[in-house]
Amino acid sequence: MKKLLNVLFVMVFAFALVSCGTTPGGNGGNNNGGNNNEEKIVVQFWHGNGANIQNIIEEMIVSFEAKYPNVDIQQTSEGSYDNLLDKVKKYIQTGEVPAIVQTYPDHVTSYLHSNSVVDLNEYIYDEEVGFDALGFDPSILVPSFYNEGGVYGGDAFYSLPLNKSTEVVFYNQTVFAKYDWFTTVLGYDTDEVYSSYEPVKLNDEGYVSNGTKRVIDANFIWHPTWQEFEKIGAAFKTTPEYKSFMDSNTMSAAFAYDSQSNLFITLTQQLAALDENQAYGARGEQAYTRFGTTGNLVNGEFTFLNQDNPYAREAVSYYKSQVDLNHFTTSGVLGVNYCSDAFKAGQCIITTGSSAGATYNNSDSFSVGVATYPQWEGTAPENYQVIQQGTNLTLLDQVDDEVEKYAWLFMLHMINYENSLKFSTGTAYFPIRDDVYESQKYQDFVLGIQRDGAGNPETDKDGNIIYNPDITAKAAKVGWTQRNWFYTNVTFLGTDISRAEVESLVKAVMLGTSIDEAFANAKTNLKLYLQPEQQ
């Protein structure tokens with residue numbers, strides 16, 4: 001019946017569009033793109049990727065169409081994820097949508113409200129094209145990446161992973177080595193950190209006069225805590241670099257955070273993980289949002305607004321106290337769009353960023369180190385947390401069942417071994433499959449190993465393998481070490497609005513708004529989505 005109603009609706013809408021002289025770009029397989037494709041099944045795939053990923057997808061299309069010559073896969077980039085979301089929501093109203101769309105979980109929630117999303121269980125267990133029928137073992141996919149398809153409550157499953165990343169820390173190794181902070185401030189052993197070391201030498205003003213002989217070992221990975229950031233924040237304020245910025249009336253602080261919504265959610269959950277009673281889950285994962293008692297699309301709770309939940313306010317209060325000390329800052333306080341710009345300019349010496357965007361934090365002026373995301377001191381390792389980022393592939397309801405079937409097959413094609421390897425080595429995103437991560441080609445990528453035509457690694461004059469990873473490979477390697485710390489928040493109506501609200505909340509508090517007022521404003525703006533007990 002649903003298919004029949006869709007057909008009738010599309011016929012009426014198509015007539016209206018023809019009358020107006022307008023045809024939408026995606027139509028669930030009825031737009032054959034010209035006479036050459038009249039006999040082909042057209043599958044539209046809309047995404048928000050740039051030129052590099054478009055080229056990789058095109059290679060996937062070519063290999064898929066070679067296997068299924070009766071199918072025409074047409075990819076369309078909307079230039080950004082926001083543009084993609086807006087366009088899909090617009091065309092959902094017409095009944096004409098692409099078969100495949102790149103999504104975040106919050107996007108899927110928006111589409112679910114219009115009953116436009118296909119529950120992939122229909123295909124996962126299909127006797128003809130299901131996992132078992134095709135010999136596809138989903139356990140080869142990274143569990144947290146795959147499980148994100150089911151964060152909507154109930155047993156429904158709405159997506160497969162495409163590209164994944166996380167947040168990591170970038171720090172100015174040149175400044176850290178210059179002042180020997182790892183040993184003098186943080187208490188690390190020199191042989192743990194450095195491949196070449198010279199003790200601190202001070203000049204008459206108390207500043208380090210020469211730190212060029214201290215070289216941080218390439219294999220050293222810093223696993224910082226927030227409390228270590230505090231110590232570095234205080235130490236940085238004693239340096240001439242900091243004083244130079246302040247003398248020129250330019251804001252400066254040791255640590256700068258980019259995504260203020262990620263800051264809010266992650267730090268709130270990290271603090272809640274310390275709750276001995278586990279009031280918000282063993283890892284504090286329910287301290288921001290959680291499902292209600294029935295766990296469905298409309299029955300969700302914005303727990304960060306609860307009066308008996310202290311952790312959200314504690315998170316904001318803590319960060320604000322460090323901003324007031326000029327130890328920490330944010331992009332909002334700095335007045336910049338991205339902290340990476342401030343990092344490269346030296347205004348901050350530590351910042352967070354996406355592991356997939358490492359090149360934005362690279363510099364020709366100083367050495368850049370990559371560290372794991374900060375954890376709260378004293379937290380058990382099994383309760384460490386850092387956000388899982390990246391997009392998925394979602395199947396939208398089609399008039400033609402054949403379009404849907406081949407769209408499903410193309411989704412599986414995109415995440416097979418060969419294409420996943422191509423995607424992860426051609427971009428800065430993680431492999432979504434364990435077998436890809438373990439492959440020699442990907443390990444060569446993260447270790448910076450070059451091989452000749454015979455497969456032999458490049459060596460130096462003494463026969464030692466040369467390792468020369470770039471910043472992208474370093475970020476991928478460090479980010480992957482956090483894979484057991486990843487979290488994904490549940491989604492329901494209003495969670496997309498909530499992220500924007502907590503971003504505004506943090507920015508407002510850092511610029512002087514009281515915490516109570518900022519939370520009250522967020523509650524007012526989320527009123528339409530609150531459960532009765534939260535009103």
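None of the values given here were measured: they were computed from a predicted structure. (Residues numbered from 1 in each chain as written. Predicted model: local features only at pLDDT ≥ 70, side-chain atom pairs only at ≥ 80, totals over all residues. Heavy atoms only, no water.)

Caption draft 1: Here's a closer look at the overall build of the protein. Looking only at helices and strands, the protein features 23 helices and 14 strands. Relative to the compact-globule value of 24 Å for 535 residues, the protein shows a C-alpha radius of gyration of 25 Å, a close match. For the C-alpha atoms alone, the extent of the protein along its principal axes is close to 85 × 65 × 45 Å. When the 535 residues of the protein are sorted by exposure, 54% land in the buried category. Long-range pairs, those at least 24 residues apart, make up 72% of the contacts in the protein with a sequence separation of at least 6. Of the accessible surface of the protein, which amounts to about 23300 Å², a share of 48% is contributed by carbon and sulfur atoms. (Helix = DSSP H or I, 4+ residues; strand = E, 2+ residues; numbered from the N terminus. Rg over C-alpha atoms; globule rule 2.2 N^0.38 Å. Buried < 20%, exposed > 50% of the residue type's maximum accessible area, 1.4 Å probe, protein only. Contact = heavy atoms within 4.5 Å. Areas by Shrake-Rupley, 256 points an atom, 1.4 Å probe, with all protein chains shown as cover.)

Caption draft 2: Highlighting unusual backbone geometry. The residue Asn 115 is not glycine, and still its phi comes out positive at about 55°. Mapped onto the fold, Asn 115 is located in the loop between α4 (105–112) and α5 (121–124). The exposure class assigned to Asn 115 is exposed, which follows from its relative accessible area of 56%. One non-glycine residue, Gln 278, lies in the positive phi region at around 50°. By secondary structure assignment, the location of Gln 278 is in the loop between α13 (260–272) and β8 (290–291).

Caption draft 3: The nonpolar core, seen in detail. Among the nonpolar cores identified, the biggest contains 116 residues, and Phe 182, Trp 222, Trp 226, Phe 264, Phe 304, Ile 350 and Trp 408 are the most heavily contacted of them. Excluding its chain neighbours within four sequence positions, the residues that come into contact with Phe 182 are Tyr 171, Phe 176, Gly 187, Tyr 188, Val 193, Tyr 194, Ile 216, Phe 220 and Trp 222. Listed in part, the 17 residues of the second largest apolar core include Leu 84, Val 88, Val 108 and Val 151. (Core = buried A, V, L, I, M, F, W, Y, C linked by side-chain atoms within 4.5 Å.)

Caption draft 4: Fine view of the packing of helix α2 (residues 51–67) against helix α17 (residues 401–414). Where α2 contacts α17, the axes come no closer than 10 Å and their chain directions differ by 120°. With respect to each other, α2 and α17 are oriented oblique. Along this stretch, α2 crosses α17, giving a crossing that reads as right-handed. For the pair α2 and α17, the contacting residues are Ile 57, Met 60, Ile 61, Ser 63 and Phe 64 in the first and Tyr 406, Leu 409, Phe 410, His 413 and Met 414 in the second. Residue composition of the contact of α2 with α17, by class: 8 nonpolar, 2 polar and no charged. (Axes fitted to C-alpha atoms, helices over the stretch in contact; angles between N-to-C directions. Parallel < 35°, antiparallel > 145°, perpendicular 65-115°, else oblique. Left-handed = near helix turned anticlockwise from the far one by under 90°. Nonpolar A, V, L, I, M, F, W, Y, C, P; charged D, E, K, R; others polar.)

Caption draft 5: Inspection of the environment of Phe 519 at higher detail. Counting through the fold element by element, Phe 519 comes out in helix α23 (residues 515–525). Put simply, Phe 519 and Pro 374 are 145 residues apart on the chain and 25 Å apart in space, counted from C-alpha to C-alpha. With residues up to four places along the chain from it excluded, the contact list for Phe 519 reads Phe 264, Phe 304, Leu 305, Ala 312, Arg 313, Val 316 and Leu 505.

Caption draft 6: How the structure looks around the packing of aromatic side chains. Applying the stated criterion across every chain yields a total of 57 aromatic pairs. Ring geometry for Trp 46 versus Tyr 91: centroids 5.7 Å apart, planes at 80°, classification edge-to-face. Here Tyr 91 lies in helix α3 (residues 81–92) and Trp 46 lies in strand β1 (residues 41–47), a separation of 45 residues in the sequence. Note on accessibility: Trp 46 and Tyr 91 belong to one class, buried. (Phe/Tyr/Trp six-rings, centres within 6.5 Å; stacked < 30°, edge-to-face > 60°.)

Caption draft 7: Seen up close, the state of the cysteines. Applying the stated criterion to the full structure yields 0 disulfides. Cys 348 supplies the cysteine sulfur nearest to Cys 339, a cysteine that is in no disulfide, at a spacing of 6.0 Å. Judged by relative accessible area, which is 0%, Cys 339 ranks as buried. Overall, the relative accessible area of 1% leaves Cys 348 in the buried class. (Disulfide = S-S within 2.5 Å.)

Caption draft 8: A look at α17. With 14 residues, α17 ought to run about 20 Å at 1.5 Å a step, and its terminal C-alpha atoms sit 20 Å apart, in line with that. With 12 of 14 residues buried, α17 lies mostly within the body of the structure. Taken together, the buried positions of α17 are occupied by Val 403, Glu 404, Lys 405, Tyr 406, Ala 407, Trp 408, Leu 409, Phe 410, Met 411, Leu 412, His 413 and Met 414. (Expected span 1.5 Å × (residues − 1).)

Caption draft 9: Summary view of the side chain of Gln 347. As for its placement among the helices and strands, Gln 347 is situated in the loop between α16 (339–345) and β11 (350–354). The exposure class assigned to Gln 347 is buried, which follows from its relative accessible area of 15%. Excluding its chain neighbours within four sequence positions, the residues that come into contact with Gln 347 are Phe 236, Phe 245, Thr 250, Met 251, Ser 252, Ala 253, Leu 334 and Ala 342.

Caption draft 10: Focus on the environment of Ala 315. For Ala 315, the position within the fold is in helix α14 (residues 311–324). Judged by relative accessible area, which is 4%, Ala 315 ranks as buried. Linking Ala 315 and Asp 435, residues 120 residues apart in sequence, is a C-alpha distance of 38 Å. In this structure, Ala 315 is in contact with Leu 267, Thr 268 and Leu 271, ignoring residues within four places of it in sequence.

Caption draft 11: Focus on the pattern of salt bridges. Per the stated rule, a full pass over the model turns up 14 salt bridges. For Lys 201, the salt bridge identified is with Glu 198, shortest N-O distance 3.7 Å. On the basis of relative accessible area, Lys 201 is assigned to the partly exposed category, the value being 44%. Among the ionic pairs, Lys 405 bridges to Glu 402, the shortest N-O distance being 3.6 Å. Pair noted here: Lys 405 and Glu 402 are both in helix α17, with a separation of 3 residues, about one helical turn. (Salt bridge = Lys/Arg side-chain N within 4 Å of Asp/Glu carboxyl O.)

Caption draft 12: Local environment of a nonpolar patch on the surface. A contiguous nonpolar surface patch, about 300 Å² in accessible area, is contributed by Ile 497, Leu 528 and Tyr 529. Note that Tyr 529 resides in the segment after α23. Note on Tyr 529: relative accessible area 31%, which makes it partly exposed. (Patch = residues over 30% accessible without salt bridge, like charges linked within 9 Å, V, L, I, M, F, W, Y side chains within 5 Å.)

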